[in-house]
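Residues per chain are reported as follows:
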There are 2 protein chains.
Amino acid sequence: MTTTNTRVLLHSRPEGEPTPENFEIDEGAVPEPREGQVLLRTRYLSLDPYMRGRMSTAKSYADPVELGQVMVGGTVSEVVESRDPALAVGDVVVAHAGWQEYAVARPEHVRRLDPEAAPISTALGVLGMPGFTAYAGLTLIGRPQPGETVVVAAASGPVGATVGQIAKILGARAVGIAGGPEKVAHVEELGFDAAIDHRAPDFADQLAAATPDGIDVYFENVGGHVWDAVLRRLNTYARVPVCGLVAHYNQTELPPGPDRMSMLMQQVLIRSLTVRGFIQTEFVAEHEARFLEEASAWVRDGRLQYREDVVDGLANAPEAFIGMLRGQNFGKLVVRVS
Amino acid sequence: MTTTNTRVLLHSRPEGEPTPENFEIDEGAVPEPREGQVLLRTRYLSLDPYMRGRMSTAKSYADPVELGQVMVGGTVSEVVESRDPALAVGDVVVAHAGWQEYAVARPEHVRRLDPEAAPISTALGVLGMPGFTAYAGLTLIGRPQPGETVVVAAASGPVGATVGQIAKILGARAVGIAGGPEKVAHVEELGFDAAIDHRAPDFADQLAAATPDGIDVYFENVGGHVWDAVLRRLNTYARVPVCGLVAHYNQTELPPGPDRMSMLMQQVLIRSLTVRGFIQTEFVAEHEARFLEEASAWVRDGRLQYREDVVDGLANAPEAFIGMLRGQNFGKLVVRVS
């Protein structure tokens, strides 16, 4: 039995893009579960863009990780010791165990998985937080009507790919934006009506051609020049669920002028736009059970496909995470820990 | 009987702030109603900030007024000749007769008023488009809960004053922002919990002191430095109905940088904000009847007060309109035409 717990700690806060030096690999002691707790061994760790925010002290929707502490993160974990009758050794659960091999948790803070129902790693992707983010933002804020046009960026990623496929299931037209020909091809394979490379010099023209009736829902994952082009195509009453702004996460100062904030507000007014930021946790209590039921059925019948990008070993997590912020992953990025 | 129709035409399009030269006073012929039409004589003309948009060809939510055509506008008018049994001579109606003395209309495009129920000019203010704008934006988008903090700018104006008073009726805390001590005093008289002068050098500090629990609903009428200060005080899940941006209507180019558009989007994301532009026409069919019923009752029992700024004569309309865009009116600006 292993007696050390490999952990990835936040060593220093990044200025702009994170570097490997911001992280520290540490060998700690395996924690001891107390009465009412279980000891979890991490099978898969999820790497997600929101973690960039937790590395900084800037005001965000959650507290930052303290220096010297374990990086936060969702995991699929196996119960290796139980001091609570609610879970048995061998049970597989979704937890928030962070970037480490072992963690203790209370059963009420984890969700048990049925390993027969779907590959367990999907609980970190299409049937987990990214999938629910897509589902909640699209169906509760975007509310696409049949025949409307839904545009999503980072469309080969776990959130974007799910947004577009659910949009299709709901009868809308789905246009995906991705970076590079390989990702664009994958978006097409997923059944999107159109896929566009945002690195193309004529990206804005391609977007216009792919959205002849304008854009009714834009699921915002990225910001930057994609948003600039989308904004010009939004229809009256368009809805913009704002889920992420990965193009700006490493931004250390505001871009040079002119100041377009009032221009954005004028567009909101003139076109009766709805711009709505959200974090999926807002909707979990009321909508997660229905999501799991519907999305599991869609995965089973092949209407909702997913792609994973699996990295082996916790020691490789920092590099994989840094690459993800640059768009180098292809599909849901997970670390196979054990 | 008068045989000429005094009209105010759009003579040229303004660059920035409108000038008297953009308007032309014209004496035309009184139009003849056809079968199914009535001839209306304007009693009161409403002057509203949205008209600035109609003077320009920039994309907006409505078509611009053509050069040489009558300026558009809501009116309270009296039927002086009827060729339709639905309306009789002497009936008073709300119409869209524009900046002119006489106009023809079909009965189905006007709404008959009960002159005994309230002063007829209120149909252009607290019981008309501005009142409904306040009601719809606040109750359908802002959705204040009892105890929440609602902030509104241009709080001595017909929309803002109504927003704050309805917020109070709904059990929320109302903070009004206005320009100059006289308007601030009036906002206090209306029963707002606090009133702040946006011209004060320590405006942002005053706003912070008046919103100790942050801001849950900001009813946006103005933009500019008021929005800059409000944005910093918005709570998680705050709602921002965007009704007007009068500080920017005369803007001819974007302000210098840095470019804060991505900063705004990041705030939307981090705080799960809802920013929603609207024009009251979106909500008329479903909600206007209920508004008229509720607001009329509030006016009768004194819970909803209003103030009018009455200018005499169509010839004075251009100057009054230009002054309104500078914030020189005090209360709902109407022109007494006849």
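Residues numbered from 1 in each chain as written. Chains lettered and ligands numbered in written order. Predicted model: local features only at pLDDT ≥ 70, side-chain atom pairs only at ≥ 80, totals over all residues.

Draft legend 1. Local environment of the overall build of chain A. Looking only at helices and strands, chain A has nine helices and 15 strands in total. A globule of 338 residues ought to have a C-alpha radius of gyration of about 20 Å, and chain A, at 20 Å, matches this closely. On the principal axes, the C-alpha backbone points of chain A span a range of 60 × 45 × 35 Å. Contacts spanning at least 24 positions in sequence make up 65% of the contacts within chain A whose residues lie at least 6 apart. (Helix = DSSP H or I, 4+ residues; strand = E, 2+ residues; numbered from the N terminus. Rg over C-alpha atoms; globule rule 2.2 N^0.38 Å. Contact = placed C-beta atoms within 7 Å.)

Draft legend 2. Just the interface of chain B and chain A, in detail. Taken together, the contact pairs 33 residues of chain B with 33 residues of chain A. Elements with a minimum of two residues in the side of chain B that touches chain A: α7 (261–270) and β13 (274–277) of chain B. Broken down by element, the residue count for the side of chain B that touches chain A peaks at nine residues, all from α7(B). In terms of residue class, the side of chain B that touches chain A is built from 18 nonpolar, nine polar and six charged. As defined by bridge partners, strand β13 (residues 274–277) of chain A adjoins β13(B) across three bridges and the pair is classed as antiparallel. Note on β13(B): the bridge partner recorded for Thr274(A) is Arg276(B). (Nonpolar A, V, L, I, M, F, W, Y, C, P; charged D, E, K, R; others polar. Pairing = 2+ DSSP bridges.)

Draft legend 3. Inspection of the relation of the copies chain B and chain A at higher detail. The operation relating chain B to chain A is a screw motion whose rotation component is 180 degrees, with 0.0 Å of axial translation and a residual RMSD of 0.0 Å. The symmetry that links the two subunits is that of a two-fold axis. Residues of chain B ranked by C-alpha distance from the rotation axis are headed by Gly257(B), positioned 1.6 Å from it. Interface residue correspondence from chain B to chain A reaches 100%, placing this contact among same-surface, isologous pairings. (Least-squares fit on C-alpha atoms with pLDDT ≥ 70 in both.)

Draft legend 4. Spotlight on the environment of Leu127(A). All names here are of chain A. As for its placement among the helices and strands, leucine 127 is situated in the loop between β7 (111–112) and α2 (129–142). Residues leucine 127 and serine 296, 169 residues apart in the sequence, show an inter-C-alpha distance of 6.8 Å. Ignoring sequence-local partners within four residues, the contact set of leucine 127 consists of Ala118, Thr122, Leu292, Ala295, Ser296 and Val299.

Draft legend 5. Up close: the domain arrangement of chain A. Residue and element names in this part refer to chain A. Looking at the assigned domains, one finds that chain A contains domain 1 (4–125 + 307–336) and domain 2 (129–277). The C-alpha centroid of domain 2 is placed 29 Å from the C-alpha centroid of domain 1. In terms of residue class, the side of domain 1 that touches domain 2 is built from three nonpolar, six polar and five charged. (Domains from an automatic or database assignment.)

Draft legend 6. Expanded view of the environment of Met55(B). Residue and element names in this part refer to chain B. Examined against the element boundaries, methionine 55 turns out to sit in the loop between α1 (51–54) and β4 (75–82). For methionine 55, a count of 21 C-beta atoms within 10 Å translates into the label buried. In sequence terms methionine 55 and asparagine 22 are 33 residues apart; their C-alpha atoms lie 8.9 Å from each other. Setting aside chain neighbours within four positions, we find methionine 55 in contact with Leu10, Arg13, Pro14, Pro18, Asn22, Pro64 and Val65. (Buried ≥ 20, exposed ≤ 12 C-beta atoms within 10 Å, placed from the backbone.)

Draft legend 7. A look at the sheet that holds strand β11 (residues 215–219) of chain B. If you walk across this open sheet you meet the twelve strands as β10(A)-β9(A)-β8(A)-β11(A)-β12(A)-β13(A)-β13(B)-β12(B)-β11(B)-β8(B)-β9(B)-β10(B), and the pairing is mixed. Each having just a single partner strand, β10 (194–197) of chain A together with β10 (194–197) of chain B make up the two edges of the open sheet. Recorded for the sheet is a direction-independent mean angle of 15 degrees between the axes of neighbouring strands. Bridging between strand β9 (residues 173–178) of chain B and β10(B) involves four bridges; their strand directions are parallel. Bridged to Gly176(B) within β10(B) is Ala195(B). Along the sheet, helix α2 (residues 129–142) of chain B makes contact with β8 (149–152), β11, β12 (234–242) and β13 of chain B, crossing β12(B) at roughly 145 degrees. (Axes fitted to C-alpha atoms, helices over the stretch in contact; angles between N-to-C directions.)

Draft legend 8. Highlighting unusual backbone geometry. All names here are of chain A. In this structure, the amide linkage connecting glycine 257 to the following residue, proline 258, adopts the cis form with an omega of 5 degrees. Along the chain, the position of proline 258 falls in the loop between β12 (234–242) and α7 (261–270). A positive phi angle is found at serine 272, which is not glycine, with a value near 50 degrees. Take serine 272: it is sitting in the loop between α7 and β13. Residue class for serine 272 comes out partly exposed when judged on the 18 C-beta atoms lying within 10 Å of it.

Draft legend 9. Spotlight on the packing of α2(A) against helix α3 (residues 158–169) of chain A. All names here are of chain A. Relative to each other, α2 and α3 sit at 45 degrees, their axes nearing to 8 Å. When the interaxial angle is binned, α2 and α3 end up oblique. Read as a crossing pair, α2 and α3 show a hand that is right-handed. Where α2 approaches α3, its residues Pro130, Gly131, Thr133, Ala134, Tyr135 and Leu138 are matched on the opposing element by Pro158, Val159, Thr162, Val163, Ile166 and Ala167. The residue makeup of the contact of α2 with α3, split by class, is nine nonpolar, three polar and no charged. (Parallel < 35°, antiparallel > 145°, perpendicular 65-115°, else oblique. Left-handed = near helix turned anticlockwise from the far one by under 90°.)

Draft legend 10. Quick look at the pairing of strand β11 (residues 215–219) of chain A. Residues and elements named next belong to chain A. In terms of burial, β11 is largely enclosed, as five of its five residues are buried. The pairing of strand β8 (residues 149–152) with β11 spans three bridges and is parallel. Among the inter-strand pairings, valine 150 is bridged to a residue of β11, identified as valine 217. Note that β11 and β12 share two bridges and pair parallel. Residue pairing across strands places isoleucine 215 opposite leucine 234, the latter belonging to β12. Considered for its hand, the β-α-β crossover made up of β11, helix α6 (residues 224–231) and β12 is right-handed. (Right-handed = clockwise from strand over helix to strand, strands pointing away.)

Draft legend 11. Quick peek at the packing of α2(A) against helix α8 (residues 281–300) of chain A. Residues and elements named next belong to chain A. Here α2 crosses α8 at 105 degrees, and the two axes come no closer than 10 Å. Put simply, α2 runs roughly perpendicular to α8. Between α2 and α8, the residues in contact are Gly131, Phe132, Tyr135, Ala136 and Leu140 and Phe283, His287, Glu288, Phe291 and Ala295, respectively.

Draft legend 12. Focus on the confidence of the model for chain A. Here chain A averages 95 in pLDDT, and 99% of its residues register 70 or above. In the model output, the complex is listed with pTM 0.90 alongside ipTM 0.90. (pLDDT = per-residue confidence, 0-100.)

Draft legend 13. The pairing of strand β3 (residues 38–46) of chain B, seen in detail. Residues and elements named next belong to chain B. Most of β3 sits inside the fold, with nine of its nine residues counted as buried. Here β3 runs beside β4; their pairing, made up of seven bridges, is antiparallel. Each bridged residue has a counterpart across the sheet, and for tyrosine 44 the counterpart in β4 is valine 76. As judged from the four bridges shared by β3 and strand β6 (residues 102–105), these two strands associate in the antiparallel manner. In the strand pairing of β6, arginine 41 is matched with tyrosine 102. Pairing geometry for β3 and strand β15 (residues 332–336), over three bridges, is antiparallel. Looking at the pairing, serine 46 lines up with valine 334 of β15.

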